[in-house]
There are 2 protein chains.
Amino acid sequence: MAIDFKKELETAARNMIFVHDPDLLIKIIVRMVVDKVQVEHASILMYKPDRQAYVLTVSGGSLAKKIPIGLAGFDKDDSLIRFFRERDSRLLFNSDVLTLEGAQAYLKTGQTKERLKHLLADVLYQMKMLETVTCVPSYFRDELLGILLLGRKKNGKSFLRGELDFFEALASNMSMAIRNANLFKELKSELDKKHQLFMRTTIALVAAIEAKDNYTHGHTTRVTNLSLEIAKRLSRKNKKAWDNKFIEKLHIASLLHDIGKIGIPEHILNKRGALTIGERNKIKEHPLIGVTILKPIRELEQALVGIKYHHERPDGLGYPEGLKGDQIPLVASIISVADSFDAMTTDRPYRAALYKNEAIKEIRKLSNLQFNPRVTEAFLELCQEGKL
Amino acid sequence: MAIDFKKELETAARNMIFVHDPDLLIKIIVRMVVDKVQVEHASILMYKPDRQAYVLTVSGGSLAKKIPIGLAGFDKDDSLIRFFRERDSRLLFNSDVLTLEGAQAYLKTGQTKERLKHLLADVLYQMKMLETVTCVPSYFRDELLGILLLGRKKNGKSFLRGELDFFEALASNMSMAIRNANLFKELKSELDKKHQLFMRTTIALVAAIEAKDNYTHGHTTRVTNLSLEIAKRLSRKNKKAWDNKFIEKLHIASLLHDIGKIGIPEHILNKRGALTIGERNKIKEHPLIGVTILKPIRELEQALVGIKYHHERPDGLGYPEGLKGDQIPLVASIISVADSFDAMTTDRPYRAALYKNEAIKEIRKLSNLQFNPRVTEAFLELCQEGKL
């Protein structure tokens, strides 16, 4: 029996370390206890910093039905919590583990301290409410992280010393694992925040730049949204989920696809009449200016091809390099369709907007010439479904 | 003896999980082994993905002097590594642990397989070179993470069974801890990359915006650098190290302090003659325009005060709110000095640059009126040290 527990514990500890979601970790632990130790139910009261309370997670038995998970919160001054936070169990029983029998026996002796007598009576009452016969607290550096609450054994017998030792060691490993999981969670949330900060700042700066130009207002946002929609559709068509990296690359590239226009004189960008060849060539520099601006940023290397090549065409008549067919990276081909559609359907200094239908027809007509046919197909499907 | 080891192991495992630097972790483990187990030396051959090799970390004894740490790399096909990667020890001895005596005894029997005979002879030779009497491999999911190499016991005796069991369990816990540390390291490096991405993209976009204006070229970079220098100096003067958060806030705020100028018509910004009152008032809107652009970005909330208030003055004559004295946040006060100094020492459409000395005099004169006196003092100290 004792050896089995040791092995269970070792395996449990090993696996716990790699579960980085604290809530999932707790669920796994209570389920494991119910399975391996054959108790009627097990639950964990775990401290949740965001709720400033100890919250119950239950597994097995009738208790799970009686107490809605996540609802039962015990605050820091609650008797059960206070008893273990102040390590009164260790004081009274020379062990952090509290059993129902131990508590009852102690209360029957006459030598109880007044404060602890009342507190322990409260604790006993709560244990009965929770159908708990044994409480195993879990500490990290003297701070109460949680309490493992155990129901009766299915065979009706009391816990053996070896079993109680196992629970105590489990609670101790649990505290490490939960602490570890919380650290991971914090780090991941920081990473997420930093990502949001990057995306939002880029969006805000691009929007501020764009706001100077009466004609392109909102263009970037629309191109970005449409590019992402096309990518989603393409991935569904190919029954291949793109990894987040591709989507992130496309997202960044579409946000920044026109950033190079900041280097084109405003009088050319906003010119109402026909452009001269010189002016046209100047405008065609914007993909490469964009690359120049962003090239120092090593982390954007992947996204740069989307910016550099979003005016290339499969027939080789695009710019800056006149790439053909499959030489054009997919990221650039997606942005190309989204960019052209948005340009066609909004007013420009030199012409009024086309109707959507005309623009869609135009894109269909130019499939394989100006646009990647796979991307065009995905785009047209979105149109048919009225998603534009 | 056995109980001591169990306790050591438990303590070690508990502490290992919270060391998130894999190199430090290995150092702690080898040092612990030398201290607690009283071996002449201990070392760990640990796989380093960046070097694609198993690299030695040594502690204690004469071996540490003989083999420069970090230099000795064993590649994946090296005999010692191959022997443990293929789990030949388990095949021959029914245990992952290999002892010098065990290997020697095995080679003396006639029944050795040819391949393993040669391999084991090589391994023995390497163990002797490394003054190692026991090798304890550490696996994570069948992948060899590293090998714990143990020198002789200081009392000259052989290892006991209990000691070997301890080492094996230690190696197993070590593999978890190292795996955990590597995961943390990866996540931290991702966070760092994302931070760099954010900073560099912001710098690039701000520089691109600034490049449109002939007069402010390089202004943002200079103001940012000077602001950070002033902050460093202030923190040294007050013998108080500012937390990274303050420095980050200042860094972001100084990078973006003039972003609102994007909303001011270029003909006003670049006007050569005197400005009308209306034009002046228009320019004074730039701190609030900056706030409007960046307000949606919750994560920038802290930095926004630096942008909003970098034209406030202690005498209350600044804008946009006419704050007085200590009402002005320190971030804004620092940017104010750096911004004014840079503006004074560069040509502007309406006047030529001042000499540095004149600008410094001007700032000293305006201390307490236009500039926070503490910040001015730090700035003047930098000047005296010729750091400008």
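Per chain, the residues get numbers from 1 upward, laid out in the order the sequence is written. Ligands are numbered from 1 and chains lettered from A, in the order in which they are written. Selection of residues for local features in this predicted model requires a pLDDT of at least 70, selection of side-chain atom pairs for listing and counting requires 80 or more, and totals for whole chains, interfaces and linings are taken over all residues.

Chemist: Could you give an account of the overall build of chain A, naming the residues involved and the relevant values?
Modeler: Looking only at helices and strands, one finds 17 helices and six strands in chain A. Rg of the C-alpha trace for chain A: 32 Å, well past the compact-globule value of 21 Å for 388 residues, more than 25% over. Summarising its shape, the C-alpha atoms of chain A cover approximately 105 × 40 × 35 Å along the three principal directions. The buried share of chain A, taken over its 388 residues, is 37%. Throughout, a pair of residues is in contact if the C-beta atoms placed from their backbones lie within 7 Å. Of the contacts made within chain A by residues no fewer than 6 positions apart, 58% connect residues no fewer than 24 positions apart. Helix and strand definitions follow DSSP, with helices as H or I runs of at least four residues and strands as E runs of at least two, each counted in order from the N terminus. In this treatment the radius of gyration is a C-alpha quantity, and the globule benchmark scales as 2.2 Å times the residue count to the 0.38 power. Partly exposed residues are those whose C-beta has more than 12 but fewer than 20 other C-beta atoms within 10 Å; with 20 or more the residue is buried, with 12 or fewer it is exposed, and the C-beta atoms are placed from the backbone.

Chemist: So what's going on with the interface of chain B and chain A? Which residues, and what values?
Modeler: On the side of chain A, 30 residues touch chain B, which itself brings 30 residues to the contact. Looking at the side of chain B that touches chain A, the elements with two or more residues in it are helix H8 (161-210) and helix H13 (286-294) of chain B. Considering each element in turn, the side of chain B that touches chain A owes the most residues, 19 residues, to H8 of chain B. Here the side of chain B that touches chain A is composed, by residue class, of 17 nonpolar, five polar and eight charged. Throughout, the ten residues Ala, Val, Leu, Ile, Met, Phe, Trp, Tyr, Cys and Pro are labelled nonpolar, Asp, Glu, Lys and Arg are labelled charged, and all others, Gly among them, are labelled polar.

Chemist: Can you lay out helix H14 (residues 301-308) of chain A for me, pointing to particular residues and giving the numbers?
Modeler: Those residues of H14 of chain A not exposed but buried are Ala303, Leu304, Gly306, Ile307 and Lys308 of chain A. Against helix H10 (244-255), helix H13 (286-294) and helix H15 (330-344) of chain A lie the buried residues of H14 of chain A.

Chemist: Requested: an account of the sheet that holds strand S6 (residues 143-150) of chain B, with residues and values cited.
Modeler: Residue and element names in this part refer to chain B. Spatially, the six strands line up as an open sheet ordered S3-S2-S1-S6-S5-S4, and their pairing is antiparallel. Strand pairing shows two members of the sheet lacking a second neighbour, strand S3 (73-75) and strand S4 (98-99), which therefore form its edges. Between any two strands, at least two bridges found by DSSP are needed for them to pair. Relative to S3, strand S2 (residues 53-59) runs antiparallel, the two sharing three bridges. Residue pairing for S3: tyrosine 54 is matched across the bridge by phenylalanine 74. Relative to the sheet, helix H2 (residues 22-37) contacts strand S1 (42-48) and S2, its axis offset from that of S1 by approximately 160°. Each axis is a line fitted through C-alpha atoms, taken for helices only over the stretch in contact, and angles between the N-to-C directions span 0 to 180 degrees.

Chemist: Tell me about unusual backbone geometry, and please be specific about residues and values.
Modeler: Glycine aside, residues mostly have negative phi angles, and peptide bonds mostly take the trans form. Residues and elements named next belong to chain A. For the peptide bond that leads from tyrosine 319 to proline 320, omega is 5°, which places it in the cis range. Along the chain, proline 320 falls in the loop between H14 and H15. Its identity is not glycine, yet aspartate 142 carries a phi of approximately 70°, on the positive side. On the secondary structure map, aspartate 142 appears in the loop between strand S5 (134-140) and strand S6 (143-150). Overall, aspartate 142 belongs to the exposed group, with 7 C-beta atoms counted inside 10 Å.

Chemist: Help me get a handle on the environment of arginine 364 of chain B, residues and values and all.
Modeler: All names here are of chain B. Tracing the sequence through the fold places arginine 364 in helix H16 (residues 356-365). Of the residues examined, arginine 364 has 14 C-beta atoms within 10 Å and is grouped as partly exposed. For arginine 364 and phenylalanine 379, which are 15 residues apart along the polypeptide, the C-alpha to C-alpha distance reads 9.3 Å.

Chemist: Just give me the short version of the relation of the copies chain B and chain A, but keep the residues and values in it.
Modeler: The two copies are related by a screw motion: chain B maps onto chain A through a turn of 180° and a shift of 0.0 Å along the axis, at an RMSD of 0.1 Å. Between the two chains, the operation in question is that of a two-fold axis. A high fraction, 100%, of the interface residues of chain B reappear at the interface in chain A, so the copies pair face to face through one surface. The atoms used to superpose the copies are C-alpha atoms, taken from residues with pLDDT of at least 70 in both, and the fit is least squares.

Chemist: Explain the nonpolar core residue by residue, including any values.
Modeler: Residues Leu148 of chain A together with Leu148 of chain B are the most contacted members of the largest nonpolar core, which totals 94 residues. If we skip the residues at most four places from it in the chain, leucine 148 of chain B touches Ala42, Ile44, Val136, Ser138, Phe167 and Ala171 of chain B. Put simply, a nonpolar core is buried Ala, Val, Leu, Ile, Met, Phe, Trp, Tyr and Cys residues tied into one set by C-beta atoms within 7 Å. In this structure, Ala378 of chain A together with Ala208, Ile262 and Phe371 of chain B belong to the second largest nonpolar core, which totals 78 residues.

Chemist: Tell me about the sheet that holds S5 of chain A, residues and numbers included.
Modeler: Residues and elements named next belong to chain A. Across the sheet, which stays open at both edges, the six strands sit in the order S3-S2-S1-S6-S5-S4 with antiparallel pairing between neighbours. Edge positions in the sheet fall to strand S3 (73-74) and strand S4 (98-99), since each of these pairs with one other strand and no more. With two bridges joining them, strand S2 (residues 53-59) and S3 adopt antiparallel strand pairing. Against the sheet, helix H8 (residues 161-210) contacts S5 and S6, and its axis sits at roughly 40° relative to S5.

Chemist: Lay out the domain arrangement of chain A with the relevant residues and their values.
Modeler: Where each domain starts and ends comes from a domain assignment, either automatic or drawn from a database. Once the domains are mapped, chain A shows domain 1 (2-182) and domain 2 (194-384). For domain 1 of chain A versus domain 2 of chain A, the distance between C-alpha centres works out to 58 Å.

Chemist: Give a description of the packing of helix H9 (residues 219-237) of chain B against helix H10 (residues 244-255) of chain B that names residues and reports values.
Modeler: All names here are of chain B. Interhelical geometry of H9 versus H10 gives an angle of 155° and a closest axis separation of 8 Å. By the criterion of interaxial angle, the relationship of H9 to H10 is roughly antiparallel. Crossing of H9 against H10: the hand is right-handed. For the pair H9 and H10, the contacting residues are Thr220, Val223, Thr224, Ser227, Leu228 and Ala231 in the first and Ile247, Leu250, His251, Ser254 and Leu255 in the second. Per-class residue counts for the contact of H9 with H10 are six nonpolar, five polar and no charged. Each angle is binned into one of four classes, with values under 35 degrees roughly parallel, values over 145 roughly antiparallel, values of 65 to 115 roughly perpendicular, and all other values oblique. The handedness criterion is simple: a crossing whose near helix is rotated anticlockwise from the far helix by less than a right angle is left-handed, and one whose near helix is rotated clockwise is right-handed.

Chemist: Now, about the packing of H2 of chain B against H8 of chain B: what can you tell me, with residues and values included?
Modeler: Residue and element names in this part refer to chain B. Two elements in contact, H2 and H8, have axes separated by 9 Å at closest approach and are oriented at 160°. Of the possible angle classes, the one that applies to H2 and H8 is roughly antiparallel. Crossing hand, H2 versus H8: right-handed. Residue-level inspection shows Pro22, Leu25, Ile29 and Val37 of H2 in contact with H8, the latter providing Glu163, Met174, Ala177, Ile178, Ala181, Asn182 and Lys185. Considered class by class, the residues forming the contact of H2 with H8 number eight nonpolar, one polar and two charged.

Chemist: Any chance you could break down the pairing of S6 of chain A for me, citing the residues and the numbers?
Modeler: All names here are of chain A. Counting buried residues along S6, seven of its eight residues qualify, which places the element largely inside the surrounding structure. When strand S1 (residues 42-48) meets S6, the two strands line up antiparallel, connected through five bridges. Across the sheet, the residue bridging to alanine 42 is leucine 150, located in S6. Sheet analysis places S5 next to S6, joined by seven bridges and oriented antiparallel. If you follow serine 138 over to S6, its bridge partner there is glycine 146. Linking S5 to S6, which pair antiparallel, is a turn of two residues; within it arginine 141 sits at a positive phi near 45°.

Chemist: Go over helix H7 (residues 114-129) of chain A, please, and point to the residues and values.
Modeler: Helix length check: H7 of chain A (16 residues) gives 23 Å between terminal C-alpha atoms against 22 Å at 1.5 Å per residue, within 8%. Once H7 of chain A finishes, glutamate 131 of chain A follows within two positions and takes phi at roughly 50°, a positive value. Between the first and last residue of a helix there are one fewer steps than residues, each counted as 1.5 Å, and that sum is the expected span.

Chemist: Can you explain the environment of tyrosine 309 of chain B? Please cite residues and give values.
Modeler: All names here are of chain B. Here tyrosine 309 is to be found in the loop between helix H14 (301-308) and helix H15 (330-344). Sequence separation between tyrosine 309 and arginine 236 is 73 residues, and the spatial gap between their C-alpha atoms is 24 Å. Apart from residues lying up to four places away in sequence, tyrosine 309 is in contact with Leu323, Ile328, Pro329 and Ala332.

Chemist: So what's going on with the confidence of the model for chain A? Residues and values would help.
Modeler: Residues and elements named next belong to chain A. Of the residues in chain A, 93% have a pLDDT of 70 or more, and the chain-wide mean is 87. Here helix H3 (residues 63-66) is the element of chain A with the lowest mean pLDDT, 59, and H15 is the one with the highest, 96. Here the predicted complex scores 0.80 on pTM and 0.79 on ipTM. The quantity called pLDDT is the predictor's confidence in a given residue, expressed from 0 to 100.

Chemist: Give me the lowdown on the pairing of S2 of chain A, citing residues and values where you can.
Modeler: Residue and element names in this part refer to chain A. Across the seven residues that make up S2, a large majority, six, are buried. As paired elements, S1 and S2 share seven bridges and run antiparallel to each other. Across the sheet, tyrosine 47 pairs through a bridge with tyrosine 54, a residue of S2.

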